[in-house]
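Read off the chains here:
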Amino acid sequence: YLLVSKDKGESWESIANNLPKNGTVHTIQQDFKNPNLLFVGTEFGFFFSPNGGEKWIQIKSGLPDVAVEDIAIQKRENDLAIATFGRGFYILDNYAPLRTYSDSVYNKDAFVFPVKDALMYIRKGGRYGPGSTYFAAKNPPFGATITYYLKDVPKTKEQIQHEKEKKLFKNGEKIPQPSYDELRAEKNEQSPHLIFTIFDDAGNPVRKITKPASKGIHRIAWDLRYTMPSPVSLSKNKFNPTKKTASGMLAMPGKYSVTMALYHDGNIKQLTQPVSFNAKVLKNSTLPPTDRRALVAFQKKSMNLARIIFGTQKYAEEMQHHLQLIKQTLYSTP
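Owing to the predicted nature of the structure, the values given are computational and were not obtained by experimental measurement.

Calculation criteria
Residues numbered from 1 in each chain as written. Predicted model: local features only at pLDDT ≥ 70, side-chain atom pairs only at ≥ 80, totals over all residues. Heavy atoms only, no water. Phe/Tyr/Trp six-rings, centres within 6.5 Å; stacked < 30°, edge-to-face > 60°. Buried < 20%, exposed > 50% of the residue type's maximum accessible area, 1.4 Å probe, protein only. Helix = DSSP H or I, 4+ residues; strand = E, 2+ residues; numbered from the N terminus. Contact = heavy atoms within 4.5 Å. Pairing = 2+ DSSP bridges. Polar contact = N/O pair within 3.5 Å; in protein donor to acceptor, adjacent residues only side chain to side chain. 1 Å grid on protein atoms, 1.4 Å probe; cavity = no way out; pocket = protein on both sides within 12 Å on 5 of 7 lines; lining within 4 Å. Points joined across faces, edges and corners; volume = space filled by probe spheres on them. Nonpolar A, V, L, I, M, F, W, Y, C, P; charged D, E, K, R; others polar. Core = buried A, V, L, I, M, F, W, Y, C linked by side-chain atoms within 4.5 Å. Axes fitted to C-alpha atoms, helices over the stretch in contact; angles between N-to-C directions.

Undergrad: Can you walk me through the packing of aromatic side chains in this structure?
TA: Aromatic rings in a pair are described by how distant their centres are and how their planes are angled relative to each other. As enumerated under the stated definition, the model contains eleven aromatic pairs in all. Consider the rings of Phe39 and Phe46, whose centres lie 6.1 Å apart with planes at 5 degrees: the pair is stacked. Relative accessible area serves as the criterion here: at 0%, Phe39 is assigned to the buried category. Using a relative accessible area of 3% as the deciding quantity, one classes Phe46 as buried.

See the structure below:
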């Protein structure tokens, strides 16, 4: 049961709608800014509604279909904490993008939600002397967290072929044998993936992040760093479009923007317009730089010098390998 009254209790109407029919509703919370944004914990999972209960959407992302007994909202950071029966606590960091979720967003091909200001600081890894009973969960991703929506993912040639064969098999029709060229095209096709490009205030691209395309609402994080200038390496000598790139030095604080594009079948389609956000320095340093712009300029020079050294070393190693091949060839040739 989930009921609402709009006349101070004189009458009540059900807003359970598409919630699990046999699942008890244990708890409910209303957003403190958007009264139509509701959250409920049920016997079989956690749900939210952007329209006052007309439609409920389950939030999973690692959360099993377990009884959710309590909900708490942390207003300063817009975090959502839930307590489950027998499984512990789960926290959804910054649920604010759900305030702008609506049918107009759902009907778009893609959408990037407003990005929360990103705090810049130097992280410290590890912990000291906790003993064996100390518990620690993962922190939220460092940097700018980008929440996005993708309505659908284009099908690959292999998926299209399988659907055709499945339909022919169902109708009892003959399934034609694909040609060698068709099979090769299926094998060599790159899966659809998303390309996020970060731009600075002057419109210069500063970082590119790629991720496999998956429909629904998802998140990525930019760690507020430039790309590492070291040479690119291949895993198993195979191109991987969604491989994570190494991070270099911290970027300058200031205004940035992000765009989202989709790669499919050799084409890149721009899905969204730039969405702006701010990178701010967390002022908790013991010795903060007096001139951060000069510091970043010096770090860029150092990074460029490192790039030249890395490149020279890589080139020397390749030449050495080439020379060994020549010597081996000369030695073994009659």
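Undergrad: Teacher, can you tell me more about the environment of Pro231 here?
TA: Along the chain, Pro231 falls in the loop between strand S16 (225-227) and strand S17 (247-250). Expressed as a C-alpha distance, the spacing of Pro231 and Lys314, which sit 83 residues apart in the sequence, is 7.6 Å. Those residues in contact with Pro231 that lie beyond four places of it in its chain are Phe310 and Lys314.

Undergrad: Before we go on, may I ask you to explain the pairing of strand S19 (residues 267-270) in this structure?
TA: Residues in a regular strand project their side chains so that they alternate between the two faces of the sheet. Pairing analysis gives four bridges linking strand S18 (residues 254-264) to S19, with the strands arranged antiparallel. Within S19, the position partnered with Tyr263 by the bridge is Ile268. Here S18 hands over to S19 after two residues, with Asp265 in that stretch at a positive phi of 55 degrees.

Undergrad: It is not clear to me how the side chain of His193 should be interpreted in this structure. Could you clarify?
TA: With respect to the element layout, His193 can be found in strand S13 (residues 193-199). On the accessibility criterion, His193 (7% relative accessible area) is buried. Looking at His193, its side chain comes within polar contact range of the main-chain oxygen of Ser191, at 3.0 Å. Discounting residues that sit within four places of it in the chain, His193 has contacts with Lys211, Pro212, Ala213, Pro241, Thr242, Ala261, Leu262 and Tyr263.

Undergrad: Even after reading the chapter, I still don't get the layout of surface pockets, so can you show me in this structure?
TA: Rolled over the atoms, a probe with the dimensions of a water molecule shows which regions are left empty. Within this model, the second largest pocket holds a volume of roughly 370 Å³. Along the wall of the second largest pocket there are 17 residues; nearest its centre are Val281, Leu282, Ser285, Pro289 and Arg292. Of the residues forming the lining of the second largest pocket, the biggest block, four residues, is contributed by helix H4 (residues 292-332). Across the lining of the second largest pocket, the residue classes tally to twelve nonpolar, three polar and two charged.

Undergrad: Help me out: how do you make sense of the nonpolar core in this one?
TA: Across soluble globular proteins, you tend to see nonpolar side chains buried next to one another. Ranked by size, the top nonpolar core spans 33 residues in total, and within it Leu194, Trp222, Leu224 and Tyr256 carry the most contacts. In this view, Leu224 contacts Ala118, Leu119, Met120, Phe142, Gly143, Ala144, Met249, Leu250, Ala251 and Ala279; residues no more than four positions away in its chain are not counted. Judged by nonpolar contacts, the second largest core, of 17 residues, contains Phe39, Phe46, Val66 and Tyr101.

Undergrad: So what exactly am I meant to see when it comes to the sheet that holds strand S10 (residues 110-112) here?
TA: By way of backbone hydrogen bonds, the strands of a sheet pair with one another, either parallel or antiparallel. The sheet built from three strands is open, its strands ordered S10-S12-S15 with antiparallel pairing. The open sheet has two edge strands, S10 and strand S15 (216-222), and neither has a second partner. Averaged over all pairs of adjacent strands, the angle between strand axes in this sheet comes to 25 degrees, irrespective of strand direction. Where strand S12 (residues 144-150) and S15 come together, seven bridges link them in antiparallel fashion. Considered in S15, the bridge of Leu150 is made with Gly216.

Undergrad: Looking at this structure, how should I read the pairing of strand S5 (residues 45-49)?
TA: Extensive coverage of S5 is indicated by the burial of five of its five residues. Here S5 shows a buried face lined by Gly45, Phe47 and Ser49 and a second buried face lined by Phe46 and Phe48. The hairpin formed by strand S4 (residues 38-42) and S5 contains two residues between the paired strands. Sheet topology note: the S5/strand S6 (residues 57-59) ladder contains three bridges and is antiparallel. Looking at S6, one finds that Phe46 is bridged to Ile59.

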